[in-house]
Amino acid sequence: MKSNLRLAWRNLWRNKRRTLITVASIFFGVLLATLMSSMQEGSYSSMINNIVKFYSGYIQVQHEDYWDTKTINNTFVPTDSLIDEITSVTEVTLITPRLESFALASSEEITRGCMVIGIDPEKEKEVMDIGKWVSDGVYLEQNDRGVLVGFDLAKYLELSVGDTLVLIGQGYHGTTAAGVFPIRGILKFPSPELNKQSIYLELKTAQEFYSVDQQVTFMVLMLEDQYDLKKAMRKLSNQIASPYAVMTWEDMHPELLQMVEADRAGALIMKAILYIIIAFGVLGTIMMLVMERKREMGVMVAIGMQRSKLSWILFFETIYIGLIGVIAGFTGSIPLIAYFYHNPIPLTGDAARTMEEMGIEPLMYFSWLPSVFYNQVITVFIITALIALYPVITSYRLKVQLALKA
Amino acid sequence: MSVIEIKNLYKIYDGSEVEVRAVNGINLNIEEGEFTAIVGPSGSGKTTFLNLVGGLDKPTDGKVFVDGIDVWSLKSRKLIDFRLHNIGFVFQSYNLIPVLTAKENVEFIMQLQGWSRKDRIKRTGDLLKAVGLADRMDSRPAKLSGGQQQRVAVARALASKPKFVLADEPTANLDSKSTENLLDIMEKLNQEEKITFIFSTHDARVIKKARRVITIEDGRILKDETK
């Protein structure tokens, strides 16, 4: 075996230029496929992060009827035992309560429907980091009686920091919810949807407004790693039962999940085209290599080398080419992806505007997931291994007397 | 005792219009230690005949026995193994493995036969010395002249201690000095080590050295002369 490997290695460098060109085609193939994958996964991560951060969190614990009927009546009190059960799941890094409902927001003569969200200002710093989006005024403090208003909503209501906002809505079990709140700050989110309709209050203030005691509409759960979602969900589902329901962002935003899946399928076609180009490039080289060496192969079999042994040598030659290309591509992609991972590409023009409208930061993120690397490496290597079957088959079909005349 | 026994050997190619009888009913015995030349004009069937005897091409009909074994009754793997242990080949255009040195080319056969490293090194040294290339052991074929490459090919053919060596026009690509040199080496090995050599050739110098000359024409033996 050792001598077969040595012979294969030496054969590889008979035509250095050809070998290097083939290796280069694999190198660039792996590099491009990795870059494409990293960009793709990075943008999905960014979308998911935005959705998780601004809307739902990774997981929510709700009243079991809340998802179907989103009213203030389907709320629950987050008991200590419930919180203990949630915190026992090691993947969960943060729990924050929210009380979310609708109301009418009014200034002097203007009224508009809005989303009222009661939050824990301290804990939300680690989820939405709302303070970062305060464009005017200040962020909420604990037991704050004031509100934060979305930029477009404030503009529509012709209100600014220091003005008074009137909220009218339906409270717990049909009570009237009405209140007057000073505006502490104006929020300018990257999402126009949030800017148009959101009003943030301190949780206790919101609970008083809706006449609920210590109830919340849901608990937002954050994870250390988004890829822990299934594991955490499995544990939580086993521990938390009726009258609570546990939902993931995937359950709450199926449209995003579908979009990611559809995009992945599209990207797979692109990658398949890239892989096909690599495959034909390598196959062309290997076919040429076999054609050139038919006579030599004939001589080897004639003097007594078993076809199986010959086929191993030829197999190893192709595998060597594949290995060198794949390792080079993998090694080359690490610094490139590392750079883009730490320095996302800022988008400009229409692309940036579209992303902003979708509530996503206009940056092209790259992913550093191990699968981004090893998926390409394994795929390209498998392609090379399949191509390596061509010389193997040829060596078994070789007609020695004809090969000697080649 | 006959090393090779050929009975009623035929090789017929079915062309689209004409049937070609490359070997047309040859019966022949080759004894141990012979130095035999198969001669004839181009297209007379010399190479086809050697291929049939060497187990490289399957006859249409007839039998080839080597040491009593019917060569063409062997299955593919066994036939390759049979060639490895019984037949040495020298080709017209040397056909050494270009990425191996002279020494490695000779060792290659012994490696296939499973010789120990120590024995391989010793025999390689002896053989390359015998063909006058002890000082070019580490040269790759591209660094050797045609005559030197053919001498390495002879050493390679003898490495496996074959029962006989088949040489297809071994001097066709050599100049007269290299031809003389190669023939002297082969004659010496034949006489001193009793190795059976069978050449196909139309080179007068080779014919002159041969002790038995078999003339083939149109796939048949025309003359069989022993000097």
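Quantities reported herein were computed from a predicted structural model and do not represent experimental measurements.

### What to know about the pairing of strand β3 (residues 35-39) of chain B
Residues and elements named next belong to chain B.
- The element β3 is extensively covered by neighbouring structure, given that 5 of its 5 residues are classed as buried.
- What you see with β3 is no split at all: Phe 35, Ala 37 and Val 39 on one side and Thr 36 and Ile 38 on the other are buried throughout.
- In terms of strand pairing, β3 meets strand β8 (residues 196-201) through 5 bridges, oriented parallel. Opposite Ala 37, over in β8, you have Phe 199 as the bridge partner.
- Note that β3 and strand β9 (residues 212-217) share 4 bridges and pair parallel. Across the sheet, the residue bridging to Val 39 is Thr 215, located in β9.

### Some words on the confidence of the model for chain B
- Across chain B, the average pLDDT comes to 89, with 99% of residues at 70 or higher.
- Interface confidence for the predicted complex, given as ipTM, is 0.89, next to a pTM of 0.76.

### Some words on the domain arrangement of chain A
Residue and element names in this part refer to chain A.
- Split by domain assignment, chain A resolves into domain 1 (2-52 + 257-404) and domain 2 (65-241).
- Each of domain 1 and domain 2 was reduced to a C-alpha centroid, and the two centroids are 49 Å apart.
- Contacts between the two partners involve 9 residues from domain 1 and, on the opposite side, 6 residues from domain 2.
- Contact between domain 1 and domain 2 buries roughly 670 Å² in total, counting both sides, with carbon and sulfur atoms accounting for 57%.
- Put simply, domain 1 and domain 2 have 0 salt bridges between them.
- Between the two partners, domain 1 and domain 2, sit 1 residue pair in polar contact (both at pLDDT 80 or more).
- Within the residue set of the side of domain 1 that touches domain 2, elements represented by two or more residues are α2 (16-56) and α13 (349-357).
- Considering only residue class, the side of domain 1 that touches domain 2 consists of 3 nonpolar, 3 polar and 3 charged.

### Some thoughts on the interface of chain A and chain B
- Contact with chain A, which involves 21 residues of that partner, is made by 25 residues of chain B.
- Surface buried jointly by chain A and chain B totals about 2,100 Å² across both partners, of which 58% is contributed by carbon and sulfur atoms.
- It is Arg 10, Ile 303 and Gln 306 of chain A in chain A that bury the most area against chain B; as a group they hold 31% of the surface buried on that side.
- Counting every contact that joins chain A to chain B gives 1 salt bridge.
- Here chain A is connected to chain B by 9 residue pairs in polar contact (both at pLDDT 80 or more).
- Elements represented by at least two residues in the side of chain A that touches chain B include exactly α1 (2-12), α11 (294-303), α12 (307-342) and α16 (400-403) of chain A.
- With 7 residues, the top contributor of residues to the side of chain A that touches chain B is α11 of chain A.

### Looking at the sheet that holds strand β6 (residues 87-90) of chain B
All names here are of chain B.
- The sheet built from 6 strands is open, its strands ordered β6-β7-β8-β3-β9-β10 with mixed pairing. In this open sheet, the two strands that pair with only one neighbour each are β6 and β10 (220-226). Taking each pair of neighbouring strands and ignoring which way they run, the sheet shows an average axis angle of 15°.
- Examined bridge by bridge, β9 and β10 share 6 bridges and lie antiparallel to one another. When the bridges of β10 are listed, Ile 214 appears paired with Asp 224.
- Across the sheet, helix α2 (residues 76-86) lies against β6 and β7 (164-168), angled at about 80° from β6, the strand it touches most.

### Focus: the pattern of salt bridges
- With the rule as written, the count across this model stands at 29 salt bridges over all chains.
- Each of Arg 14, Arg 293, Glu 296 and Glu 317 of chain A takes part in a single network of salt bridges with overlapping partners.

### Some words on the sheet that holds strand β4 (residues 61-66) of chain B
All names here are of chain B.
- Strands sit in the order β2-β1-β4-β5 across an open sheet of 4 strands; the sheet is antiparallel. In this open sheet, the two strands that pair with only one neighbour each are β2 (19-31) and β5 (69-70).
- Looking at chain direction, strand β1 (residues 2-14) and β2 are connected through 10 bridges and run antiparallel. The partner of Lys 11 across the bridge, within β2, is Val 23.
- Running over the sheet, helix α1 (residues 46-53) touches β1, β2 and β4 and is turned about 120° from β1.

Conventions we followed
Residues numbered from 1 in each chain as written. Chains lettered and ligands numbered in written order. Predicted model: local features only at pLDDT ≥ 70, side-chain atom pairs only at ≥ 80, totals over all residues. Heavy atoms only, no water. Buried < 20%, exposed > 50% of the residue type's maximum accessible area, 1.4 Å probe, protein only. Helix = DSSP H or I, 4+ residues; strand = E, 2+ residues; numbered from the N terminus. Pairing = 2+ DSSP bridges. pLDDT = per-residue confidence, 0-100. Domains from an automatic or database assignment. Contact = heavy atoms within 4.5 Å. Buried area = accessible area lost by both parts, 1.4 Å probe. Salt bridge = Lys/Arg side-chain N within 4 Å of Asp/Glu carboxyl O. Polar contact = N/O pair within 3.5 Å; in protein donor to acceptor, adjacent residues only side chain to side chain. Nonpolar A, V, L, I, M, F, W, Y, C, P; charged D, E, K, R; others polar. Axes fitted to C-alpha atoms, helices over the stretch in contact; angles between N-to-C directions.

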